[in-house]
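Listed below are the residues making up each chain.
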Amino acid sequence: MHVVMLGNGIAALSAAETLRARRPAWKITLVSGESAYPYSRPALMYIHMGQLRYGDTKLHEDPWYDEQRIARVRDWVTGIDLSGRRLILHRGEPLAFDRLLVATGSRNRLTGWPGQDLEGVQGLISLMDLKLLRENTRRCRRAVIVGGGLIGIELAEMLLYQGIAVTFLVREPTYWGTVLPDEESSLVNGIIGEGGIDLRLGTSLERIEDDGHGRVGAVVTTAGQRIECQLVGLTAGVRPNVEVARSSGLACEEGVLVDAGLRTGVEGVLAAGDCAQI
């Protein structure tokens, strides 16, 4: 029996660990184009700030995978051949499976803002985003971050650490007001401002302007303010990463549709983590 985990985040790795403990003889393979080894995504900011190395964020030591007989394939999956029971890979030969777990996680949520495809616009979810951030900040003097969540405030801290001025657009009247009591949210607002962030509450992004060379030149807010900048961080949430699953014929709405046992409508194909929807 060959079980393939599409993804190597915490959902896929946890499934592989549990399966190995219960089925010592089965073959298990993790497939991901992002990284050779599963790592801690919340540690991205610490890698950027030089406080951790990528190797420090790995969820297991490298030899563990061989010891547990969990194979790893680093390649992007372009399709799932459900009838042929195989994954179509970008570089390698198709990978056959008996059972498949789709655990492709989530991706940056884009809401169709004009200019969101310009160079210098990005999110912060993956190692690729981290690499892109290093490129986008080389000549950056000011950045605008859109979205009042934890990724947004982490990105703001990363940019401030580099000496880049940051304007933070939060559409709610107070930062994290849907989570914290009013008094605590107000306290956090003050701390953000004292930290040097230009926090603009009750303000959303209307559009991103081109600098004339295909890159970010400025943003315009719903309040009519124009802010010149060289980087725009879009951190207004995430959405399930289901493009490959959907195009391959798995039933999807916002996420891959599963029952209470995480089973899709295809025998032997399951989905779990951020990409799954019950």
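Residues numbered from 1 in each chain as written. Predicted model: local features only at pLDDT ≥ 70, side-chain atom pairs only at ≥ 80, totals over all residues. Heavy atoms only, no water.

A. Spatial organisation of the layout of surface pockets. Estimates place the volume of the second largest pocket at around 520 Å³. If you trace the second largest pocket, you find 20 residues lining it, with Val3, Leu19, Arg99, Leu101 and Leu270 closest to the centre. Only strand E1 (2-6), helix H1 (10-22), strand E7 (99-102) and strand E19 (269-271) provide two or more residues apiece to the lining of the second largest pocket. For the lining of the second largest pocket, the leading source of residues is H1, giving five residues. Taken together, the residues of the lining of the second largest pocket break down into twelve nonpolar, three polar and five charged. (1 Å grid on protein atoms, 1.4 Å probe; cavity = no way out; pocket = protein on both sides within 12 Å on 5 of 7 lines; lining within 4 Å. Points joined across faces, edges and corners; volume = space filled by probe spheres on them. Helix = DSSP H or I, 4+ residues; strand = E, 2+ residues; numbered from the N terminus. Nonpolar A, V, L, I, M, F, W, Y, C, P; charged D, E, K, R; others polar.)

B. Examining the sheet that holds E1 more closely. Taken in spatial order, the five strands line up as E3-E2-E1-E7-E19 in an open sheet, and their pairing is parallel. Two strands close off the open sheet at either side, each with one partner strand: strand E3 (70-74) and E19. Sheet twist, expressed as the mean angle between neighbouring strand axes with direction ignored, is 20 degrees. Here E1 runs beside strand E2 (residues 27-32); their pairing, made up of five bridges, is parallel. In the sheet register, Leu6 faces E2, and the bridge partner there is Val31. The sheet strands contacting H1 are E1, E2, E3 and E7, and the helix crosses E2 at an angle near 170 degrees. (Pairing = 2+ DSSP bridges. Axes fitted to C-alpha atoms, helices over the stretch in contact; angles between N-to-C directions. Contact = heavy atoms within 4.5 Å.)

C. The nonpolar core, seen in detail. By size, the foremost hydrophobic cluster in this structure holds 25 residues, and its most contacted members are Ile145, Met158, Leu159 and Phe168. For this core, the element with the highest residue contribution is helix H5 (residues 150-161), accounting for four residues. The residues touching Ile145, leaving out its near neighbours within four places in the chain, are Gly152, Leu155, Ala156, Leu159, Val166, Thr167, Phe168, Leu169, Gly233 and Thr235. (Core = buried A, V, L, I, M, F, W, Y, C linked by side-chain atoms within 4.5 Å. Buried < 20%, exposed > 50% of the residue type's maximum accessible area, 1.4 Å probe, protein only.)

D. Spatial organisation of the packing of aromatic side chains. Following the criterion strictly, the structure yields five aromatic pairs and no others. With a centroid separation of 4.9 Å and 90 degrees between ring planes, the pair formed by Trp64 and Tyr65 is classed as edge-to-face. You'll find Trp64 and Tyr65 in the same group, each marked buried. Ring centres of Phe168 and Tyr175 lie 6.0 Å apart, and the angle between their planes is 50 degrees; this geometry places the pair in the tilted category. Using a relative accessible area of 0% as the deciding quantity, one classes Phe168 as buried. Take Tyr175: its relative accessible area is 3%, and that puts it in the buried class. Every member of this aromatic cluster is reached through a ring pair, and the members are Tyr37, Trp64 and Tyr65. One cation-aromatic arrangement involves Arg23 over Trp26; the distance from NZ or CZ to the ring centre is 5.2 Å. Note that Arg72 overlies the ring of Tyr65, its terminal NZ or CZ placed 5.7 Å from the centroid. (Phe/Tyr/Trp six-rings, centres within 6.5 Å; stacked < 30°, edge-to-face > 60°. Lys NZ or Arg CZ within 6 Å of the ring centre and 35° of its normal.)

E. Broad picture of the state of the cysteines. Applying the stated criterion across every chain yields a total of zero disulfides. Sulfur of Cys140: no disulfide; nearest cysteine sulfur belongs to Cys229 and is 7.6 Å away. Here Cys140 falls in the buried class, since its relative accessible area comes to 10%. Assessed through its relative accessible area of 1%, Cys229 is described here as buried. (Disulfide = S-S within 2.5 Å.)

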